[in-house]
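An overview of the molecular structure
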Amino acid sequence: MSEKTTIGLRQRIPMSLLEMALTAVLSGDYSREYFAELAATEYNGQNRIAKTVTAISQLTDQNPLIDLLRENKDEVLLALRNRADRTLILSSLIIAKFEFAYDIFTLLGKYFHVQDQVVTSLITQKMSQKYGSNRSLPNAMNCALPMFIEAGILHRPKIGYFEIRKVSPCSDIARRAFDEAFYIWNPGLSRNIKYFSNPYYEYINQYYGEV
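Structural notes, computed from the coordinates. (Residues numbered from 1 in each chain as written. Predicted model: local features only at pLDDT ≥ 70, side-chain atom pairs only at ≥ 80, totals over all residues. Heavy atoms only, no water.)

With that out of the way, let us pick up the packing of aromatic side chains. For the structure shown, the criterion picks out 18 aromatic pairs. Taking the centre distance of 5.8 Å and the plane angle of 20° together, the rings of Tyr30 and Phe35 count as stacked. Judged by relative accessible area, which is 29%, Tyr30 ranks as partly exposed. Ring centres 6.0 Å apart and planes at 75° place the aromatic pair Phe105 and Phe178 in the edge-to-face group. Here Phe178 lies in helix H10 (residues 172-184) and Phe105 lies in helix H7 (residues 99-112), a separation of 73 residues in the sequence. Since its relative accessible area comes to 1%, Phe105 is described here as buried. The buried category is assigned to Phe178, whose relative accessible area is 0%. In this structure an aromatic cluster arises from ring pairing among Tyr102, Phe105, Phe112, Phe148, Phe178, Phe182, Tyr183, Tyr195, Phe196, Tyr200, Tyr201 and Tyr203. Over the face of the ring belonging to Tyr161 we find Lys158, whose NZ or CZ atom lies 4.6 Å from the ring centre. (Phe/Tyr/Trp six-rings, centres within 6.5 Å; stacked < 30°, edge-to-face > 60°. Buried < 20%, exposed > 50% of the residue type's maximum accessible area, 1.4 Å probe, protein only. Helix = DSSP H or I, 4+ residues; strand = E, 2+ residues; numbered from the N terminus. Lys NZ or Arg CZ within 6 Å of the ring centre and 35° of its normal.)

What follows is the structure in structure tokens.
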């Protein structure tokens, strides 16, 4: 299996920690020590904290979106105060960094287009076609899905069932981050065209420009 299709996602990060880490990175006032302090508020044990620090770094200062967010720091910090924009920005960080997260996000979007709920067994079956059915798959699903739920773009009404939580972004930077996360995994597509029929955009209440 190539590096591009490895799962990579091994540690769930609480969205409160991700937001604090992002804010620190945007301000330039961050370090691995600070990330370790954040991790220690949620987890115990040196190994778990070290894994969490790595994951926080992957999602923030090592994220393909970070240059865009840094260039628009003030707009990002303002957008994080809005629930829908915060949901979209945090979700975009997860999607942009991990192809696995992009794949599970678009897979769910495809099924949400035609049904209200998606069950875990269907997600597992479809994701295993690309990533295999080894132990890493359910572990990664148990990272990605709870993060999307906590970000506010998914809802789990009961164990094993998922529902969509569509958002209406208010800020331009939240929309740009979400678009950029899409193009990262679709580099051959023209940026002059909007792909609102793609399952990726199922989570947006209205097309951009109409919000």
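Back to the write-up after that little detour.
We now examine helix H3 (residues 46-59). The terminal C-alpha atoms of H3, which comprises 14 residues, lie 20 Å apart, in line with the 20 Å expected from a rise of 1.5 Å per residue. Taken as a whole, H3 has its buried residues at Ile49, Thr52, Val53, Ala55, Ile56, Ser57 and Leu59. If you follow the buried residues of H3, they end up packed against helix H1 (15-27), helix H2 (32-40) and helix H6 (83-97). (Expected span 1.5 Å × (residues − 1). Contact = heavy atoms within 4.5 Å.)

Moving on, we get to the pattern of salt bridges. Overall, the coordinates contain eight salt bridges when judged by the stated rule. Residue Arg165 pairs with Glu163 through a salt bridge whose shortest N-O separation is 4.0 Å. Across the salt bridge formed by Glu180 and Arg191, the nearest N and O atoms sit 2.6 Å from each other. Within this pair, whereas Glu180 is found in helix H10, its partner Arg191 is found in the segment after H10, the two being separated by 11 residues in sequence. Overlapping salt bridges, with partners in common, bring together Glu99, Asp103 and Lys130 in one network. (Salt bridge = Lys/Arg side-chain N within 4 Å of Asp/Glu carboxyl O.)

Okay, H7 next. A rise of 1.5 Å per residue sets the reference length of H7, with its 14 residues, at 20 Å; its end C-alpha atoms lie 20 Å apart and thus fit the reference within 8%. With 13 of 14 residues buried, H7 lies mostly within the body of the structure.

Counting residues in each nonpolar core, the largest one holds 76 residues, and the members touching the most others are Ile95, Phe100, Ile104, Ile123, Phe148 and Tyr200. When residues no more than four places from it in sequence are discounted, the contact partners of Ile95 are Ala101, Tyr102, Phe105, Phe148, Phe178, Ala181, Trp185 and Tyr200. (Core = buried A, V, L, I, M, F, W, Y, C linked by side-chain atoms within 4.5 Å.)

A word on the pairing of strand S2 (residues 154-158). As a general feature of sheets, a regular strand has side chains that alternate between the two faces. As defined by bridge partners, S2 adjoins strand S3 (residues 161-164) across three bridges and the pair is classed as antiparallel. Note on S3: the bridge partner recorded for Leu154 is Ile164. Between S2 and S3, which pair antiparallel and follow one another directly, the connecting turn spans two residues, one of which, Gly160, has a positive phi of 90°. (Pairing = 2+ DSSP bridges.)

With that out of the way, let us pick up the side chain of Asp85. If you trace the backbone, Asp85 turns up in helix H6. It turns out Asp85 is buried and unbridged, and the closest side chain with the opposite charge, Arg175, is 6.3 Å from it. Ignoring any residue separated from it by four or fewer positions in sequence, one finds Asp85 in contact with Ala79, Pro169, Cys170, Ser171 and Ala174. (Lys, Arg positive; Asp, Glu negative; His and termini not counted.)

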